[in-house]
Amino acid sequence: MALPAYDLFDVRSLLSEEERAVQEVVARFTDERVLPIIGECFDQARFPKELVPEIASLGLLGSSLPEEYGCAGLNAVSYGLICQELERGDSGLRSFVSVQSSLCMYPIYAYGSEEQRRQWLPRMAAGEVIGCFGLTEPHGGSDPANMKTHAKKDGGDWVINGSKMWITNGNLADIAIVWAQTDEGIQGFIVEKGMPGFTAQEIKHKMSLRASVTSSLFFDNVRVPEANRLPNVKGLKGPLGCLTQARYGITWGPVGAAIACLDEALNYSKERILFGRPVAATQSAQIKLADMARRITLAQLLVLQLGRLKDAGTMQPQQVSLAKWNNCRMAIDIARECRDLLGGAGITTEHVAIRHALNLESVITYEGTETVHQLVIGRELTGINAF
Ligand code: TGC
Ligand code: FAD
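Residues numbered from 1 in each chain as written. Chains lettered and ligands numbered in written order. Predicted model: local features only at pLDDT ≥ 70, side-chain atom pairs only at ≥ 80, totals over all residues. Heavy atoms only, no water.

Asks: Describe the overall build of the protein chain, naming the residues involved and giving the relevant values.
Replies: For the protein chain, the count of helices and strands is 10 helices and nine strands. By its C-alpha atoms, the protein chain is 80 × 45 × 40 Å across when sized along the principal axes. Within the span of the protein chain, comprising 387 residues, buried residues form 55% of the whole. Across the protein chain, contacts joining residues at least 24 apart in sequence account for 76% of those joining residues at least 6 apart. (Helix = DSSP H or I, 4+ residues; strand = E, 2+ residues; numbered from the N terminus. Buried < 20%, exposed > 50% of the residue type's maximum accessible area, 1.4 Å probe, protein only. Contact = heavy atoms within 4.5 Å.)

Here you go:
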């Protein structure tokens, strides 16, 4: 019996019925709604905002948060599968869902007041309110402790000054979760679109994540009421705690991107006849394809175990670092190798490999660069901080 090419170890059999159902629904959405338009969106540098209501109606926004806030209350493995299937379409769509779910809804849920949860989460789950997450600053994203953006208490308000850079959803967003230095350490604020002094400017000329909005945010004496401060966290562990959630989803996403590339390269190399035989009949192509399937299989098993640990409440940030490093590296290498197997045809967005390869340049950089995650593991092994 032939093994399914993209699931050589039958990882699917390890999923629950509910997890399989979630994967099927999102896979169908990607096949029917994303793949027909996404190449053109990438060409046009356009985020397909028209898909947001459907993404919301499928329960994909804040999917792990409780139903009492209008969310789906799914487990971590289901969230991972959502990320995997969306990123099989495009990293930009997965980014949109990661930011909304893990970087905006999660901090409101985990660090916000009950009023803030009730005010924002149901509308964010419904896609009526879009969020962005402002941590990175122009002088260096890897070292967020060196934060210049600050908030000063003034009567019952806070006054925020500074800037953020490379912010996904920035120009789309109705609210921004903004991290700022205060006299009591780093704190998070919900900054609303239209607050005087708050502006967003889209970053143009990107060659990666072109179907996603990326912006700079500027804060010029932005007055934010105390009611918009996230009351239940202080210090860098606030934003880093959100990053652990988002990075977890990102460990799954590139598995989808890699599967999309392998699928395309397999089909192409079986049909492409050179020197009187299909490219897929050559030993070198088969070794390349087999090696891709091997790496995808290892990545699938890695994220499933990570998800099981998360659902058991025992997942550690260092484990997320290892998986983010491994799976981004796996996917970007596979995307580039698939691009090569397609020859010249591989350089246009008629085929998916180049788009995924270019997108993965961002995915391997954001949420902690590959080097940052390697140094996290190095520190774990040696006990020595090399940052
Ligand atoms: P350190 O100063 O030792 O720790 C500060 C506090 O934070 C705690 N902590 C964590 N908590 C949860 N999750 C984690 N991953 C955590 N890492 C640290 C830590 O226990 C401590 O707590 P406490 O109670 O003692 O105060 O910080 P560190 O030395 O561990 O951090 C250094 C480093 C380099 C790892 C960290 O600064 C880092 O991760 N830098 C990279 C920054 C980054 O990833 N930025 C991402 C911005 S957002 C983004 O890219 C969104 S893209 C989204 C998309 O479009 O999909
Ligand atoms: P730098 O930190 O300047 O790093 C430059 C180089 O130095 C890298 O190669 C890095 O690995 C290396 N380096 C860093 N530290 C060390 C060290 N100790 N030793 C050796 N080498 C080191 N941020 C947000 O806050 N919100 C968002 O929504 C968001 N979305 C993004 C979307 C896109 C498309 C992109 C590209 C980025 C996004 N980011 C976002 C920012 C992202 O998190 C940062 O780009 C990332 O953290 C790296 O920061 P940097 O770009 O300033 O690079």
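Having put the structure on the table, let's press on.
Asks: Provide a residue-level description of the site of ligand 2, including the pertinent values.
Replies: Around ligand 2, the structure places 18 residues, and the nearest of them are Thr-136, Gly-141, Ser-142, Trp-166 and Thr-369. Residue Ser-142 places a side-chain N or O atom 2.6 Å away from an oxygen atom belonging to ligand 2. Against a free-state accessible area of 980 Å², the protein chains account for coverage of 68% of ligand 2. When contributions to the shell around ligand 2 are tallied by element, the ones reaching two or more residues are strand S3 (157-168) and helix H10 (370-382). The dominant element in the shell around ligand 2, judged by the number of residues it contributes, is S3, at three residues. Class assignment of the residues belonging to the shell around ligand 2 gives a composition of eight nonpolar, nine polar and one charged. Looking at which domains feed residues into the shell around ligand 2, each of domain 2 (131-228) and domain 3 (237-382) supplies at least three. (Near = heavy atom within 4 Å. Polar contact = N/O pair within 3.5 Å; in protein donor to acceptor, adjacent residues only side chain to side chain. Areas by Shrake-Rupley, 256 points an atom, 1.4 Å probe, with all protein chains shown as cover. Nonpolar A, V, L, I, M, F, W, Y, C, P; charged D, E, K, R; others polar. Domains from an automatic or database assignment.)

Asks: Quick rundown of the site of ligand 1? Include the residues and the values.
Replies: As a matter of local geometry, ligand 1 sits amid 25 residues, with Thr-168, Thr-244, Arg-247, Glu-367 and Gly-368 nearest to it. Interatomic distance of 2.6 Å between a side-chain N/O atom of Thr-244 and a nitrogen atom of ligand 1. In this structure, an oxygen atom belonging to ligand 1 sits 2.7 Å away from a side-chain N or O atom of Arg-247. For the shell around ligand 1, the secondary-structure elements that each account for two or more residues are helix H4 (91-111), helix H6 (237-271) and H10. The dominant element in the shell around ligand 1, judged by the number of residues it contributes, is H6, at six residues.

Asks: Explain unusual backbone geometry to me, and be specific about the residues and the numbers.
Replies: If you check the backbone angles, Asn-169 has positive phi at about 70° while not being a glycine. Residue placement: Asn-169 occurs in the loop between S3 and strand S4 (175-182). Overall, Asn-169 belongs to the buried group, its relative accessible area being 1%. Even without a glycine there, the phi angle at Phe-275 is positive, about 50°. Relative to the helices and strands, Phe-275 resides in the loop between strand S8 (273-274) and strand S9 (277-278). For Phe-275, a relative accessible area of 87% gives the class exposed.

Asks: Let's hear about the environment of Leu-381: which residues, and what values?
Replies: Mapping Leu-381 onto the fold places it in helix H10. A C-alpha to C-alpha distance of 31 Å links Leu-381 and Glu-87, two positions 294 residues apart in sequence.

Asks: Lay out the packing of helix H1 (residues 17-44) against helix H3 (residues 76-89) with the relevant residues and their values.
Replies: In helix packing, the relevant descriptors are the interaxial angle and the interaxial distance, both defined with respect to the helix axes. Two numbers describe how H1 lies on H3: the axes approach to 8 Å, and their chain directions differ by 20°. The orientation of H1 relative to H3 falls into the category roughly parallel. Of the two possible hands of crossing, H1 and H3 adopt the one that is right-handed. Contact residues: Glu-19, Val-22, Gln-23, Val-26, Ala-27, Phe-29, Thr-30, Asp-31, Val-34, Leu-35 and Ile-38 in H1; Val-77, Ser-78, Leu-81, Ile-82, Gln-84, Glu-85, Leu-86, Arg-88 and Gly-89 in H3. Each residue belonging to the contact of H1 with H3 can be placed in one class, and the counts come to 11 nonpolar, five polar and four charged. (Axes fitted to C-alpha atoms, helices over the stretch in contact; angles between N-to-C directions. Parallel < 35°, antiparallel > 145°, perpendicular 65-115°, else oblique. Left-handed = near helix turned anticlockwise from the far one by under 90°.)

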